[in-house]
Amino acid sequence: MTHATLAGAPFVALQNNDLYLEGVKLADLARTHGTPLFVYSKAAMLSALAAYQRGFAGRNARICYAMKANSSLAVLQVFAQAGCGFDIVSGGELDRVVAAGGDVSKVIFSGVGKTRAEMRQALEAGIACFNVESDAELEVLSEVALSLGKRAPVSIRVNPNVDAKTHPYISTGLKGNKFGVAHERALQTYQRAASLPGLHVTGIDCHIGSQITETTPYLDAMDRVLDLVQAIEAAGIPIHHIDFGGGLGINYNGDTPPEADALWAQLLTKLDARGYGQRQLMIEPGRSLVGNAGVCLTEVLYLKPGEQKNFCIVDAAMNDLPRPAMYEAFHQIVPLTPRNGDAVVYDVVGPICESGDWLGRDRSLTVQTGDTLAVLSTGAYCMAMASNYNTRGRAAEILVDGDKAHVIRRRETSADQMAMESLVS
Ligand SMILES: *Cc1c(COP(=O)(O)O)cnc(C)c1O
């Protein structure tokens with residue numbers, strides 16, 4: 001086989017026994033820039049976005065990239081240039097939107113714990129909407145807006161109490177979650193919002209979880225949200241936009257989430273049937289726009305055979321790739337230049353002093369010390385969650401566009417890490 005695409009990594013392909021991302025040979029990047037190294041495909045991001053754009057063709061819809069999935073500036077730039085808005089969860093993310101040339105008037109601000117300073121910053125910048133998550137937040141936002149002589153545009157995040165059937169840490173739409181306002185309380189909360197002088201009610205939103213691979217939870221959530229829209233409007237409060245959040249899953253390991261356009265064909269049929277198809281729609285996809293667009297390259301440092309387990313010790317770790325440690329998540333791990341020979345079953349682990357520092361368990365690999373591996377589907381919630389644990393500098397990042405490779409973040413040095421610290425004199 002000279003050219004094979006890997007499942008879950010649409011722009012990664014083996015050509016003459018070398019792994020490529022778009023037109024760039026990954027082994028060349030590892031040699032030039034070192035490892036661990038994140039490499040992203042611009043074409044993969046735009047192709048994921050295009051699926052949503054096809055799904056919404058002819059509709060009044062705005063796609064707000066949930067940038068917490070990957071907030072590197074050049075990644076934001078790709079989506080800003082493609083016309084996306086952004087779903088932010090902090091004032092720092094708003095700073096990044098501005099730095100990346102994004103349109104602040106297409107920003108929506110989610111999150112259960114916005115501070116007054118963040119509210120002021122977002123009001124002064126002129127964002128599109130605050131997705132408010134509690135009654136208490138409404139009161140504070142109204143106060144802050146009035147103190148600036150403004151009215152804050154608000155949407156209330158309602159909790160539709162549907163099971164997204166995903167990992168409990170990334171399920172957000174159930175009653176026991178900290179997110180949103182309970183379905184039963186929502187009308188009351190809207191009435192309070194409409195009465196507050198510093199607020200202007202513009203929409204409604206929900207977000208039921210992440211890595212959702214089934215359509216039913218979305219259809220159920222939509223019904224619950226539309227029931228509320230009906231009740232809220234009957235109470236005399238117009239709802240201008242309806243925001244269905246993000247959460248669509250990707251293929252990590254044979255997962256079969258619906259394609260974004262197929263999902264939205266079904267959702268729009270329901271919206272049309274219930275008479276809401278011509279409303280302004282918003283969505284907040286994160287993972288599904290970037291997850292499969294990234295790979296993390298890592299070098300095999302040592303092979304350590306053991307009585308119960310063989311370990312393949314690599315130079316990437318849980319500080320670079322936190323998802324396995326946090327959610328027991330699975331990422332495919334493949335060699336950049338496959339070798340012939342008998343495979344050995346390894347736990348692929350990093351150098352950090354924690355037993356939780358593993359990247360893959362029981363992986364069958366034919367590898368030697370010095371080989372480079374690619375950890376696939378690492379475009380979302382990897383670099384964005386990376387830390388300096390063990391005083392490890394964060395990895396460099398490359399954006400591939402055709403046969404060009406742009407360095408979009410240099411490798412972090414120890415000096416970078418210590419720059420904000422001081423000794424006691
Ligand atoms: C995280 C988050 C998203 C994006 O979720 P994905 O699973 O990455 O698509 C969207 N909206 C809100 C409010 C979020 O917290």
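Residues numbered from 1 in each chain as written. Predicted model: local features only at pLDDT ≥ 70, side-chain atom pairs only at ≥ 80, totals over all residues. Heavy atoms only, no water.

This next bit is on the pairing of strand E20 (residues 372-375). Residues in a regular strand project their side chains so that they alternate between the two faces of the sheet. Side chains of E20 alternate between two faces, with Thr372 and Ala374 and Leu373 and Val375 buried alike. Pairing between strand E15 (residues 294-304) and E20: 4 bridges, direction antiparallel. In the strand pairing of E20, Cys296 is matched with Val375. (Buried < 20%, exposed > 50% of the residue type's maximum accessible area, 1.4 Å probe, protein only. Helix = DSSP H or I, 4+ residues; strand = E, 2+ residues; numbered from the N terminus. Pairing = 2+ DSSP bridges.)

Moving on, we get to the site of the ligand. The full set close to the ligand counts 14 residues, and Lys68, Ser210, Glu284, Arg287 and Tyr381 are the nearest of them. Taking Asp87, its side chain carries an N or O atom lying 3.2 Å from a nitrogen atom of the ligand. Ser210 has a polar side-chain atom sitting 2.3 Å from an oxygen atom of the ligand. Calculation on the ligand without its partners gives an accessible area of 390 Å², and the protein chains cover 94% of this total. Here the shell around the ligand is composed, by residue class, of 3 nonpolar, 6 polar and 5 charged. (Near = heavy atom within 4 Å. Polar contact = N/O pair within 3.5 Å; in protein donor to acceptor, adjacent residues only side chain to side chain. Areas by Shrake-Rupley, 256 points an atom, 1.4 Å probe, with all protein chains shown as cover. Nonpolar A, V, L, I, M, F, W, Y, C, P; charged D, E, K, R; others polar.)

This brings us to unusual backbone geometry. In this chain, Thr35 is followed by Pro36 through a cis amide linkage whose omega measures -5°. Tracing the sequence through the fold places Pro36 in the loop between helix H1 (26-33) and strand E5 (37-41). Its identity is not glycine, yet Asn17 carries a phi of approximately 65°, on the positive side. Take Asn17: it is sitting in the loop between strand E2 (9-15) and strand E3 (18-21). Exposure remark for Asn17: the relative accessible area of 35% places this residue in the partly exposed category. One non-glycine residue with positive phi stands out, namely Asn161, at about 55°. Position of Asn161 among the secondary structure elements: in the loop between strand E10 (152-159) and strand E11 (181-182).

Counting residues in hydrophobic clusters, the biggest one holds 101 residues, and the most contacted among them are Tyr65, Phe79, Phe86, Phe130, Ile204, Ile242 and Trp264. If one sorts the elements of this core by residue count, helix H8 (residues 216-234) sits on top with 9 residues. Here this core spans two domains, since at least three of its residues come from each of domain 1 (3-41 + 291-418) and domain 2 (110-285). Formed by 21 residues, the second largest nonpolar core is a distinct cluster that contains Leu26, Leu37, Leu297 and Ala374. (Core = buried A, V, L, I, M, F, W, Y, C linked by side-chain atoms within 4.5 Å. Domains from an automatic or database assignment.)

Turning our eyes to something else, we now look at the pairing of strand E16 (residues 311-314). Looking at chain direction, E15 and E16 are connected through 4 bridges and run antiparallel. Note that in E16 the partner of Tyr302 across the bridge is Ile313. Between E15 and the antiparallel strand that follows it, E16, lie 6 residues. In terms of strand pairing, E16 meets strand E18 (residues 344-349) through 3 bridges, oriented parallel. Following the sheet pairing, Ile313 is matched in E18 by Val349.

On to the pattern of salt bridges. For side chains of opposite charge, pairing can occur when their charged atoms come near one another. Overall, the coordinates contain 22 salt bridges when judged by the stated rule. In this structure, the salt-bridge partner of Asp401 is Lys42, at a minimum N-O distance of 3.8 Å. Linking Asp401 in strand E21 (residues 396-401) with Lys42 in helix H2 (residues 42-55), this pair joins segments that are 359 residues apart in sequence. Under the relative-accessibility criterion, Asp401 is labelled partly exposed at 35%. Between Lys270 and Asp223 there is a salt bridge, and its shortest N-O distance comes to 2.7 Å. (Salt bridge = Lys/Arg side-chain N within 4 Å of Asp/Glu carboxyl O.)

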